[in-house]
Structures are given as C-alpha cells and as structure tokens.
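# Architecture and fold: a report
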Amino acid sequence: MDKSNCSVVSEFVLLGLSSSQELQLFFFVFFSVLYVVTALGNLLIIITVTSDNSLHSPMYFLLGNLSFVDICQASFATPKMIADFLSEHKTISFSTCIAQINFVHLFTGGEMVLLVSMAYDRCVAICKPLRYVVIMSQRTCTALVMTSWAVGLVHTLSQLSFTVNLPFCGSNVVDSLFCDLPQVTKLACLDSYIIEILIAVNSGILSLSTFSLLVSSYIIILVTVWFNSSVAMAKAFSTLVAHITVVILFFGPCIFIYVWPFTTYPIDKVLAIFYTIFTPILNPIIYTLRNRDMKATMRKIVTHYMRPKKISEMPLVVRNSFY
Ligand SMILES: *[C@@H]1O[C@H](CO)[C@@H](O)[C@H](O)[C@H]1NC(C)=O
C-alpha cells in the first residue's frame, strides 16, 4: 500500500460475534449475567480474605490479589463488548483500541505470574511444611504480587514499543470483540512480518514459560503427595484436576492465538473470550467453592450483612492445605 496517501484511521470497527439480531440479544443477556457474577464473586473473595483474621495467610493473600486481577481482566473490555451487542455500529476510537491492547497484555501477563506464585505457594506448603512460614513471609508475598504486576507491565510496554508507530490507512475493521494485537497489526499498512514475529516471541516466551512452571509445580506437588500419604491423594488429585482445567482454558487459547499470529482464524475471537471472560469467573469457583474455610467465612460475612443482629460464630474447624 502506498504510504503517501495514508489517511489516518481515527477509529476501528469491531465485528463482534455474530450479525444475527436474536443471537446478539442472547449474547447480551448471557455475558451481562456472566459479568455481574464474575465481578460480585471476585469482590466477595476480596472482602472475605481482607476482613477475616483467620484467613490471613499467604494462600489467601495471593488469592485476594488474583481476584483483583480477575476483576480488572473482566472489566477492561467486557462492558463495552456487552453494550456493543445492542448497537448497530460497534466502533472504537483509536486510543481506546490501543488502551485495550495494553490492558489485555498487562492483566494477562500479571495473571500468569500470579498463578505461578500461587502454585509455588502450594508447592512450599506441601514439600517444605516446616519451613513454610519462613519461606512465604509477608515480604515474599508482597514481592510475588509486585513481580506479577512488573512482568505484566514490562510485557505490555515492550509490545507497545513496536506497535505504537504502526501506520493505519486501509481497512479499519477488526474481526474480534475487542482490540488485540494479532487482529490490529493485520490492518497496518506496512509489511508487519517482523512485528508479528516479535509479538509471537514476546507473548510466546511469557505464556510458555509460565505454563511450564505451573505444570512443573503441579507435578512436584503430585509426586510429593503420592509418596507421602495415600489419604491426601484423592483430595490433591481432584484439586489438581480443577487447576489444570483452568490452566488449559486460560493458557490454551493464549498459546494458540500467539503461536500462530500470522494467520488469524475465525475461532480466535471465540478463544479470546476464554482468557478475558471465562478465566475470571472460573478462578473464584475453583479456588473458593472447593475450600471449606473460605465457604464458612463467606457464609459468616453474608449472614452478618443480611441479619446484623444474629451473628453466629461459625467455628473454622478444618485447615485445608488445598484450595
Ligand atoms: C494484594 O497485594 C497487596 C500488595 O502486595 C496487598 O497490600 C493487598 O492486601 C493484597 N490484596 C488482597 C486482597 O489480599
């Protein structure tokens, strides 16, 4: 394309999921409900872990922070996407589009590192139970959270550095629900081959390395439990199956989209829903609803707010070492 007659693209058009009116209405209702449940579920987790003294442990500290990232992840693009289901012209301004690209990489990168931190925490708890309190000190926990945000930030800024100057002049139609790199770089009017390689390497290294760290820690946990007690095995196994499901639903789409960035498949936009919408709702389900302490405390908090006069002190009997 000739650069000299570049008319600057000031907005993009998002194609969305479907052009059928009925389906759009269905998606609107479906994703609205999903979003509200995600936001409230994660908010309840944050309130629970910060307000209850019995839950002041590294595991819940990290869980609270995961919920915070989940709320961010669910909120940077989804409300606009939901509103778009009802509108004819799904336009998005150039700057909002660039902002969405940065947010998706900031939160996804942060979430990946946080998931590794949580797996590391469980690894220490199970493999080095006597030194757990020393290793997972308050300082370590804060450092882990800071690291996850730092990695997300460095990751997103490094992508920004080679996409911020892309010239756009031709088509401005993004075949997706929100702006992300593979679809948007496709629209740039220059040969984006090198940039696509850089994107694939950058996102690929981050997702593949965190993915292998997660899988390794699950294997270490499983092996340790296997050799130490047969009773805990069933619990550990069901926990790990739940975690591995999330990991596959989260990392699978990320790796699929970014390892083949040169060809964008129609399925990509459906896969993008997995890491922006389904993961933030799965985390509270998996980390919380399977955990007795967490459920008891939540019940206490909800009861407290519903019937302020009758706070029944629920004893927290069992300390779980698994979520
Ligand atoms: C998340 O991490 C920050 C900083 O490390 C900490 O101050 C905060 O209490 C954590 N949030 C929750 C909900 O645990």
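Residues numbered from 1 in each chain as written. Predicted model: local features only at pLDDT ≥ 70, side-chain atom pairs only at ≥ 80, totals over all residues. Heavy atoms only, no water.

By the naming in an unreviewed UniProt entry, the protein is Olfactory receptor, taken from Ceratotherium simum simum. Turning to the protein, the UniProt record has this under Function (unreviewed entry): "Putative odorant or sperm cell receptor." Per UniProt, the protein has the following entry under Sequence similarities (unreviewed entry): "Belongs to the G-protein coupled receptor 1 family." (UniProt positions renumbered as here; feature names shortened; annotations may be inferred.)

### Examining the overall build of the protein
A tally of helices and strands in the protein yields 11 helices and three strands. Starting at the N terminus and walking to the C terminus, you meet the elements of the protein as β-α-α-α-β-α-α-α-β-α-α-α-α-α. When burial is assessed residue by residue, the protein has 50% of its 323 residues classed as buried. Contacts in the protein between residues at least 24 apart in sequence constitute 79% of all its contacts with a sequence separation of at least 6. For the protein, the exposed surface amounts to about 15,700 Å²; the carbon and sulfur share of it is 71%. (Helix = DSSP H or I, 4+ residues; strand = E, 2+ residues; numbered from the N terminus. Buried < 20%, exposed > 50% of the residue type's maximum accessible area, 1.4 Å probe, protein only. Contact = heavy atoms within 4.5 Å. Areas by Shrake-Rupley, 256 points an atom, 1.4 Å probe, with all protein chains shown as cover.)

### Structural notes on the packing of aromatic side chains
Scanning all chains against the criterion turns up 18 aromatic pairs. With a centroid separation of 6.0 Å and 40° between ring planes, the pair formed by F27 and F31 is classed as tilted. Note that F27 and F31 are positioned in helix 1 (residues 21–51) at a spacing of four residues, about one turn of the helix. Here F103 and F107 contribute two aromatic rings whose centre-to-centre distance is 5.6 Å and whose plane-to-plane angle is 5°, an arrangement assigned as stacked. In this pair, F103 and F107 both sit in helix 4 (residues 94–127), four residues apart, roughly one turn of the helix. (Phe/Tyr/Trp six-rings, centres within 6.5 Å; stacked < 30°, edge-to-face > 60°.)

### Comments concerning the environment of I220
When you line up the elements, I220 lands in helix 8 (residues 193–228). Along the primary structure I220 and I126 are separated by 94 residues, whereas in three dimensions their C-alpha atoms are 9.4 Å apart. In this structure I220 touches C123 and C127, once residues within four positions along its chain are discounted.

### Side note on the packing of helix 4 against helix 8
For the pair helix 4 and helix 8, interaxial distance at closest approach is 9 Å and the crossing angle is 20°. Judged by the angle between their axes, helix 4 and helix 8 are roughly parallel. In this structure, helix 4 meets helix 8 at a crossing whose hand is left-handed. Every residue of helix 8 that contacts helix 4 at H105, G109, M112, V113, L115, V116, A119, R122, C123, I126 and C127 is listed here: S203, L206, S207, T210, L213, L214, S217, Y218, I220, I221, T224 and V225. Counted by class, the contact of helix 4 with helix 8 contains 15 nonpolar, seven polar and one charged residues. (Axes fitted to C-alpha atoms, helices over the stretch in contact; angles between N-to-C directions. Parallel < 35°, antiparallel > 145°, perpendicular 65-115°, else oblique. Left-handed = near helix turned anticlockwise from the far one by under 90°. Nonpolar A, V, L, I, M, F, W, Y, C, P; charged D, E, K, R; others polar.)

### Focus: the site of the ligand
In the vicinity of the ligand, the contacting residues are I46, T50, F61, G64, N65, T142, V145 and M146. Here an oxygen atom of the ligand sits 2.6 Å away from a polar atom, N or O, in the side chain of N65. Across the complex, the protein chains shield 67% of the 360 Å² of accessible surface that the ligand would expose by itself. Each residue belonging to the shell around the ligand can be placed in one class, and the counts come to four nonpolar, four polar and no charged. (Near = heavy atom within 4 Å. Polar contact = N/O pair within 3.5 Å; in protein donor to acceptor, adjacent residues only side chain to side chain.)

### Focus: a nonpolar patch on the surface
Residues Y193, I194, I197, L198, V201 and I205 make up a contiguous nonpolar surface patch of about 560 Å² in total accessible area. Here V201 is to be found in helix 8. (Patch = residues over 30% accessible without salt bridge, like charges linked within 9 Å, V, L, I, M, F, W, Y side chains within 5 Å. Salt bridge = Lys/Arg side-chain N within 4 Å of Asp/Glu carboxyl O.)

### Considerations on the sheet that holds strand 3 (residues 173–174)
Strand pairing in a sheet relies on backbone hydrogen bonds. The paired strands run either parallel or antiparallel. In spatial order, the strands read 2-1-3; together these three strands make up an open sheet with mixed pairing. On the outer flanks of this sheet lie strand 2 (91–93) and strand 3, each paired with one strand and no other. Direction of pairing for strand 1 (residues 11–14) relative to strand 3: parallel, over a ladder of two bridges. What sits directly across from L14, in strand 3, is V174. Strands in contact with helix 4 are strand 1 and strand 2; relative to strand 2, the strand with the most contacts, it is inclined by about 85°. (Pairing = 2+ DSSP bridges.)

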